[in-house]
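Secondary and tertiary structure notes
Each chain is listed here by its residues.
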Amino acid sequence: MRVNDDHLLAQAFSQAGEAMLVTDAAGQVVAINDEFARTTGWSATSITGQSLQSLWSSDHGAQVDAIMAAVTSSGRWQGEVLCRHGNGVAQFHEATVTASAAGFVAVMPDAKRRRLGRIDSLTGLPDRSVFMERLKTTCAQVERKRMAAAVLFLDLDNFKHVNDTLGHDAGDRLLKEAARRLKSCVRESDTVCRLGGDEFTIILAGLNQPEEAEVVAQHILTKLAHPFHIGGSISPMSASIGIAALPNDGISPDELLHRADTAMYQAKRSGRATYYFYSQEMMARATERAQMERELRQAHLAGEIGILFQPVMDLSTRRITGSHAILQWNSPRGGLLTADQFLPVAEECGLIRPLGEWLMASIVDTLVAWRDAGLPHMKICVSLSRRQLGDLTLFEQLLQAMRANHLSPALVEFEVCAHALGDDKLMVRSVLATLSAFGVGLIIDDFGHGHVTLQTLQHPCLRAVKIHTTLVRDDKAIAGALIRLSHALNIPVIAERVDDCTLLDGLAESGCDYAEGNLLAPPLDTQGFAALLMASSEIAA
């Protein structure tokens, strides 16, 4: 018996594993198969007679004419479309459209097979290629419909520390959980992608106004602030988010991604755990920063960065007992720059490691020179950034050089800003254990302005705390309380930036132990500091 060909074709169409629809020559839907109905929520009755324009054009219209023109010309078109589902929600689908004798046939492959090679294997999020395609689509729809959209560029704060302390498996679990939380913060029609590492991007399409992206950014920060339970540990997490708005901040995908990235770095520099909208002023600062980065790399090679030593004085004996190493850069373009002005740039561009290695080697050379000149042992305090705190290699290189030159590790103390210690208890414990193992002391700067636990204050590696002299000048009660607390825990107190006699007398009355500042002695180079000690009759024994 001969099988009815039309019946066989209809059965194959209905039961095909790929979502399919058929239109007439005008683009009106005449049939869909079971998989299309299951995938999109449309029934054959509700979708029949609708135009492909209305199905794909609610958020993607301008492209449908181009698709039909391409199929008419070459017989086939393949790409990604934003398809309106039966519940009104629009979702991206890959589609192949071909010509038929009576119209057009569209096939949307199975999502799981479609995503192979285009989905991040760790988080299950779309990858960079998908992100750029969808951003291109969003740019086209914004330009055609005069609507708003936004791109969010998100970077997890201090993620490297999780990998370094808990291991990469824990880091992977954190990334997967972060991806899940990000998806829960957006709509089905929005796109969350992982660019790589701990960087994520989000496309918010169909906004009434760009400011709506702010609500999403706040929601993300709140979600990420909930503790992450990974490997038996609880890790708080935050993110820095940059936002570029369409069409105000551009209409090309590359431009928007770059500007969202620029805004994200501004969020990083502003203390992390926040978001920033892109602005022209921000781009100007970014351009200036890029110029500084190029010059800083040249300066490191050319030896334009130097070290000065600020004498530290014992207020009870008025004798010099040590020094604070201060980096400065004599920039041909910008003049004399302090460490606060160029070290953040060095951290961002990866120059902080070679600068740190050079600094440690210079400290060892200075200690050897002072010893060979017959000077008494002088401690040198070196400021470290939060990123340098986790660099064990830096400590190991310093200790190796000191042992090779028969120098005691106790001659070097590391100064860390209270804010750099933050609330990451695991990181703080790791740093304290490392310093204790190496026999190096710790000094906490800006005491009273950041979160420092009592356990940290009682750690044996803590040598002193520093208070800013504005506390003594502006709020003597708080300064006095901090000094009394420190003394109760047997911790010496150092006042920095002492610049007038009244302030010096106030510090002495408050019981402050040590001071540094231009009133006592200005920062000096290696030879100048040695000359000061040799010429002074107030050298510490």
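Scroll up a little and you will see the structure.
This section reports on the structure supplied with the text. Predicted model only: the values in this text are computed from it and were never measured.

**Digging into the sheet that holds strand β2 (residues 29-32)**
What the five strands build is an open sheet, ordered β2-β1-β5-β4-β3; its pairing is antiparallel. A single partner strand is all that each edge strand has here, and the edge strands are β2 and β3 (76-84). Direction aside, neighbouring strands of the sheet carry axes that sit 30 degrees apart on average. Helix-sheet contacts for helix α7 (residues 128-145) involve β3 and β4 (90-99), and the interaxial angle to β3 is about 70 degrees.

**Points about helix α13 (residues 339-349)**
Those residues of α13 that fall on the buried side of the exposure criterion are A339, F342, V345, A346, E347 and C349. Once α13 finishes, G350 follows within two positions and takes phi at roughly 85 degrees, a positive value.

**Describing unusual backbone geometry**
In this chain, L246 is followed by P247 through a cis amide linkage whose omega measures 5 degrees. Although it is not a glycine, R318 sits at a positive phi angle of roughly 55 degrees. For R318, the position within the fold is in the loop between β13 (305-314) and β14 (319-331). Of the residues examined, R318 reaches a relative accessible area of 33% and is grouped as partly exposed. For D446, which is not a glycine, the phi torsion comes out positive at approximately 55 degrees. Inspection of the secondary structure puts D446 in the loop between β18 (441-445) and α19 (454-457).

**Focus: empty space enclosed by the protein**
Considering all chains together, one arrives at one cavity of 30 Å³ or more under this definition. One number sums up the size of the largest cavity: a volume of about 50 Å³. Lining the largest cavity, in full, are L367, W370, R371, L375, P376, H377, M378, L407 and L411. A class-by-class count of the residues in the lining of the largest cavity yields seven nonpolar, one polar and one charged.

**Section: α7**
Here α7 spans 25 Å end to end across 18 residues, near enough to the 26 Å set by a 1.5 Å rise per residue. Taken together, the buried positions of α7 are occupied by V130, F131, M132, R134, L135, T137, T138, C139, Q141 and V142. Of the residues trailing α7, R146 is marked for its positive phi of about 55 degrees.

The rules behind the values
- Residues numbered from 1 in each chain as written.
- Predicted model: local features only at pLDDT ≥ 70, side-chain atom pairs only at ≥ 80, totals over all residues.
- Heavy atoms only, no water.
- Pairing = 2+ DSSP bridges.
- Helix = DSSP H or I, 4+ residues; strand = E, 2+ residues; numbered from the N terminus.
- Axes fitted to C-alpha atoms, helices over the stretch in contact; angles between N-to-C directions.
- Contact = heavy atoms within 4.5 Å.
- Buried < 20%, exposed > 50% of the residue type's maximum accessible area, 1.4 Å probe, protein only.
- 1 Å grid on protein atoms, 1.4 Å probe; cavity = no way out; pocket = protein on both sides within 12 Å on 5 of 7 lines; lining within 4 Å.
- Points joined across faces, edges and corners; volume = space filled by probe spheres on them.
- Nonpolar A, V, L, I, M, F, W, Y, C, P; charged D, E, K, R; others polar.
- Expected span 1.5 Å × (residues − 1).

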